[in-house]
Amino acid sequence: MRITISHDRPKGEVVEAVDRSFDDLFKGVAELPVKVTIQQRTWQGSTLIFALTAKWGLLSTPIKGTVEVTDHDITVDADLGLFNFVSEKTARAVMGDRIKGLLK
């Protein structure tokens, strides 16, 4: 799943907003039927590399990806693992709304 959102804020400010709000981006997503636990988050320059565990009932899967911040965009690229049953349209809408909320 890849989501790209444009922004018009300074890159450093957006990196700080993503770092500060990363937990909120993935945890407690009521629109998605999964519980998410953050396993890793590491910055390499302006790219955040993350690893999560998503659980739905007895089923769990790792989710890995990146959040890249450029001068004009934020791009979230994530492999949903076994949770590919969550429609990409739903996941994109939920995550897109959350990312846009960071930029306000």
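Read on for a plain summary of the structure. (Residues numbered from 1 in each chain as written. Predicted model: local features only at pLDDT ≥ 70, side-chain atom pairs only at ≥ 80, totals over all residues. Heavy atoms only, no water.)

Our next topic: the packing of aromatic side chains. The full count for this structure, using the stated rule, is 1 aromatic pair. On the numbers, 5.5 Å between centres and 50° between planes, the contact of phenylalanine 22 with phenylalanine 50 is tilted. Residue phenylalanine 22 is located in helix H1 (residues 11-26), and its partner phenylalanine 50 is located in strand S3 (residues 47-56); the two are separated by 28 residues in the primary sequence. For phenylalanine 50, a relative accessible area of 2% puts it in the buried group. (Phe/Tyr/Trp six-rings, centres within 6.5 Å; stacked < 30°, edge-to-face > 60°. Helix = DSSP H or I, 4+ residues; strand = E, 2+ residues; numbered from the N terminus. Buried < 20%, exposed > 50% of the residue type's maximum accessible area, 1.4 Å probe, protein only.)

As defined by bridge partners, strand S2 (residues 35-44) adjoins S3 across 9 bridges and the pair is classed as antiparallel. Of the residues in S3, the one forming a bridge with threonine 42 is isoleucine 49. Taking the residues that link successive antiparallel strands as the turn, the S2-S3 hairpin has 2 residues, and the phi of glycine 45 there is positive, at about 65°. Here S3 folds back onto strand S4 (residues 59-69) in antiparallel fashion, the turn holding 2 residues, of which glycine 57 has a positive phi close to 65°. (Pairing = 2+ DSSP bridges.)

Keep in mind these numbers describe shape, not what the thing actually does.
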